[in-house]
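Observations on the three-dimensional arrangement
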Amino acid sequence: MTPLSIEGAAQVVRPPEDGLPYLRLDRAAQLRVEPGDVVADGGRIVGFEAAAAGVGVRRIDASGCAIVPGFVDAHTHLPFAGWRADEYAMKVAGRPYEEIARAGGGIAASARAFADAGDEEVLEQAELLAAEMLAHGTTTFEGKSGYGLSEAGELRALALAAELGERVVQTTTSTALLAHAVPPGRDADGWMDAVEALVPQTVATALDIYVESVAFGLEHLERMGAIAAANGRDLRAHVEQFSTMRSVPVALAAGARSVDHLACLHPDDLAPLAAAECAAVLLPAAELLGDERVAPGRALADAGAIGVLATDANPGTSPVVSLPLIVGLAVRRYRWTVREALAAITLNAAWVLRLDGELGSLEVGKRADVVLLDAPIEHVPYRLGHNPVALVVAGGEVVHVRPDQAWRVPA
Ligand code: NIG
Ligand code: FE
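Right, let's talk about the overall build of the protein chain for a bit. From N to C terminus, the protein chain includes 15 helices and 16 strands. On C-alpha atoms alone, the protein chain measures out to a radius of gyration of 21 Å, which is about the 22 Å that the 2.2 N^0.38 rule sets for 411 residues. Each principal axis of the C-alpha atoms in the protein chain carries an extent, and together these give about 70 × 45 × 45 Å. Relative to its 411 residues, the protein chain shows a buried fraction of 60%. When the accessible surface of the protein chain is totalled, it reaches about 14700 Å², and 54% of it is carbon and sulfur. Charge centroids of the protein chain, computed over 33 positive and 54 negative side chains, lie 4 Å from each other.

On to the coordination of the iron ion (ligand 2). The coordination sphere of the iron ion (ligand 2) contains the protein donors His75 (NE2), His77 (NE2), His238 (NE2) and Asp312 (OD), at a distance range of 2.0 to 2.2 Å. In the primary sequence, the donor residues of the iron ion (ligand 2) line up as H-x1-H-x160-H-x73-D. Of the two residues examined, His75 and His77, each falls in the buried class.

This paragraph deals with the sheet that holds strand 9 (residues 206–210). The strand order 6-7-8-9-10-11-12-13 describes an open sheet built from eight strands, whose pairing is parallel. Two strands bound the open sheet, and with one partner strand each, they are strand 6 (71–73) and strand 13 (306–309). Here the strands of the sheet are splayed against their neighbours by 25 degrees on average, with no regard to which way each runs. Where strand 7 (residues 138–144) meets strand 8 (residues 171–179), five bridges bridge the pair, whose relative direction is parallel. Residue pairing for strand 8: Lys144 is matched across the bridge by Thr175. Packing against the sheet, helix 5 (residues 151–167) makes contact with strand 7 and strand 8, and its axis sits at approximately 170 degrees to strand 8.

Around ligand 1, a shell composed of 15 residues is seen, among which Arg84, Tyr97, Tyr147, Gln241 and Thr317 lie nearest. One nitrogen or oxygen atom from the side chain of His77 is found 3.2 Å from an oxygen atom belonging to ligand 1. At 2.5 Å from an oxygen atom of ligand 1 is found a side-chain nitrogen or oxygen belonging to Tyr97. When isolated, ligand 1 has an accessible area of 330 Å², and the protein chains bury 100% of it. Split into classes, the residues belonging to the shell around ligand 1 amount to four nonpolar, nine polar and two charged.

This part covers the domain arrangement of the protein chain. By a widespread convention, an interface's size corresponds to the accessible area lost as its parts come together. You can read the domains of the protein chain as domain 1 (4–69 + 360–408) and domain 2 (72–352). Summarising the inter-unit geometry, the C-alpha centres of domain 1 and domain 2 are found 28 Å apart. Taken together, the contact between domain 1 and domain 2 spans 34 residues of the former and 35 residues of the latter. Buried area between domain 1 and domain 2, summed over both chains or domains, comes out near 2800 Å², and the portion from carbon and sulfur atoms is 69%. Taken as a group, Tyr22, Arg24 and Leu25 account for 25% of the area that domain 1 buries against domain 2, more than any other trio of residues on that side. Our count for the contact surface shared by domain 1 and domain 2 stands at zero salt bridges. Where domain 1 packs against domain 2, one counts ten residue pairs in polar contact (both at pLDDT 80 or more). Elements with a minimum of two residues in the side of domain 1 that touches domain 2: strand 5 (66–69), helix 15 (379–382), strand 15 (389–394) and strand 16 (397–401).

Enumeration over the complete set of coordinates arrives at four aromatic pairs. Arranged with centres 5.2 Å apart and planes meeting at 85 degrees, the rings of Tyr22 and Trp351 form a pair that is edge-to-face. With Tyr22 in the loop between strand 1 (4–14) and strand 2 (32–41) and Trp351 in helix 14 (residues 347–352), the pair connects residues that are 329 residues apart, well separated along the chain. Across the pair, exposure class does not vary: Tyr22 and Trp351 are buried alike.

What follows is about the packing of helix 4 (residues 119–135) against helix 5. Relative orientation of the contacting elements helix 4 and helix 5 amounts to 50 degrees, with a least axis distance of 10 Å. Compared by their axis directions, helix 4 and helix 5 come out oblique. Between helix 4 and helix 5 lies a crossing whose hand is right-handed. Of helix 5, the residues touching helix 4 (which contributes Asp119, Glu120, Val122, Leu123, Ala126 and Glu127) are Arg156, Leu160, Glu163, Leu164 and Arg167. Here the residues of the contact of helix 4 with helix 5 sort into five nonpolar, no polar and six charged.

Another point: the layout of surface pockets. One number sums up the size of the largest pocket: a volume of about 220 Å³. Lining the largest pocket are 14 residues, with Ala101, Ile107, Ala108, Ala181 and Val214 sitting closest to its centre. Those elements that provide at least two residues to the lining of the largest pocket are helix 2 (97–102) and helix 3 (107–116). Ranked by residue count, the leading element in the lining of the largest pocket is helix 2, at three residues. Of the residues in the lining of the largest pocket, the class split is eleven nonpolar, two polar and one charged.

The rules we used
Residues numbered from 1 in each chain as written. Chains lettered and ligands numbered in written order. Predicted model: local features only at pLDDT ≥ 70, side-chain atom pairs only at ≥ 80, totals over all residues. Heavy atoms only, no water. Helix = DSSP H or I, 4+ residues; strand = E, 2+ residues; numbered from the N terminus. Rg over C-alpha atoms; globule rule 2.2 N^0.38 Å. Buried < 20%, exposed > 50% of the residue type's maximum accessible area, 1.4 Å probe, protein only. Areas by Shrake-Rupley, 256 points an atom, 1.4 Å probe, with all protein chains shown as cover. Lys, Arg positive; Asp, Glu negative; His and termini not counted. Charge placed at Lys NZ, Arg CZ, Asp CG, Glu CD. Donors = N, O, S within 2.8 Å, 3.2 Å for Na, K, Ca; no water. Pairing = 2+ DSSP bridges. Axes fitted to C-alpha atoms, helices over the stretch in contact; angles between N-to-C directions. Contact = heavy atoms within 4.5 Å. Near = heavy atom within 4 Å. Polar contact = N/O pair within 3.5 Å; in protein donor to acceptor, adjacent residues only side chain to side chain. Nonpolar A, V, L, I, M, F, W, Y, C, P; charged D, E, K, R; others polar. Domains from an automatic or database assignment. Buried area = accessible area lost by both parts, 1.4 Å probe. Salt bridge = Lys/Arg side-chain N within 4 Å of Asp/Glu carboxyl O. Phe/Tyr/Trp six-rings, centres within 6.5 Å; stacked < 30°, edge-to-face > 60°. Parallel < 35°, antiparallel > 145°, perpendicular 65-115°, else oblique. Left-handed = near helix turned anticlockwise from the far one by under 90°. 1 Å grid on protein atoms, 1.4 Å probe; cavity = no way out; pocket = protein on both sides within 12 Å on 5 of 7 lines; lining within 4 Å. Points joined across faces, edges and corners; volume = space filled by probe spheres on them.

Given below as structure tokens:
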């Protein structure tokens, strides 16, 4: 592998110190943003001073650029089949998500599409999305099952997620979202029995559950926590998305690694969450497109939460794959700083996936997942809708160059 020397950047974004597992957002101002270089060799970051004249070093011109860690999307629903643009039109016209779900749309509609699609069809759609994610700087992403809605369907979804990981450039992890909607013809308690039997047959590192009036209740969340603990898996949970269920205390008591959505977080649950070793995963595109309230992002950051931002890429609530766009939404909606948003899509997101020792920040010895932005980091939220990603390095290899930026990389 040719050593890479990425040189002369206006900004290199590094953690305040090496070895941090996460950066609580009340410390995000301490992220170091300084001019400099990044050098990679053997797929790892080896230093921050341009390589001395050497034969076989590939030099990349980073003038005018910001160099940031590869982005980590810690909450997506890849792989899934098809889209639900018809539902978006209904929601825009004022029909709530829960009503669409009760009428047979929502997750059940995507489950039917998933059952009807062949494996190759599902994988091709997911590969195209992964390529789009890469072009927007995502070098690591998590995917979930959840559209299988039967024992065989969920195992198929997890097998396809694993196959996707083999086919894409990115580092991937998968989560078994075994309690997403109550499968047709089953009841929630009976389905949790099935989940308990299913978990040992999966290799997913985390389990997930959707707690909502149209999905599962607090007792099921508690049970999923017990199943996760008994099987050595992390617990993650979709909570407080459309209504205030008081799921967070239950999730914290169960030792959840993350609680995701939080648009309807109860004010009394904010401080305990911020103090816990549990990430608050905010999904601003799902809020914006899904008529959800705005999660209390500013208060969570001020209280020192392990804040994470993700796309929630899925065909229902968030058909969005761009983390730069998510940063733009978060900065505006939560009144976050750019540093807070960057910590939330890099190191903190890596911690949720238990990859923080390997990637998520620019540190010597970590995997060389590096993104060049075409402007200083302050432009990312400001130029909303512009893709600022000029070039992407994954595992020390240049894996994407925006066509107008080809001049930065010698042949
Ligand atoms: O994260 N809320 C539950 N799960 C997804 C939506 C899934 C769907 O509508 O297809 C979410 O918003
Ligand atoms: Fe989700």
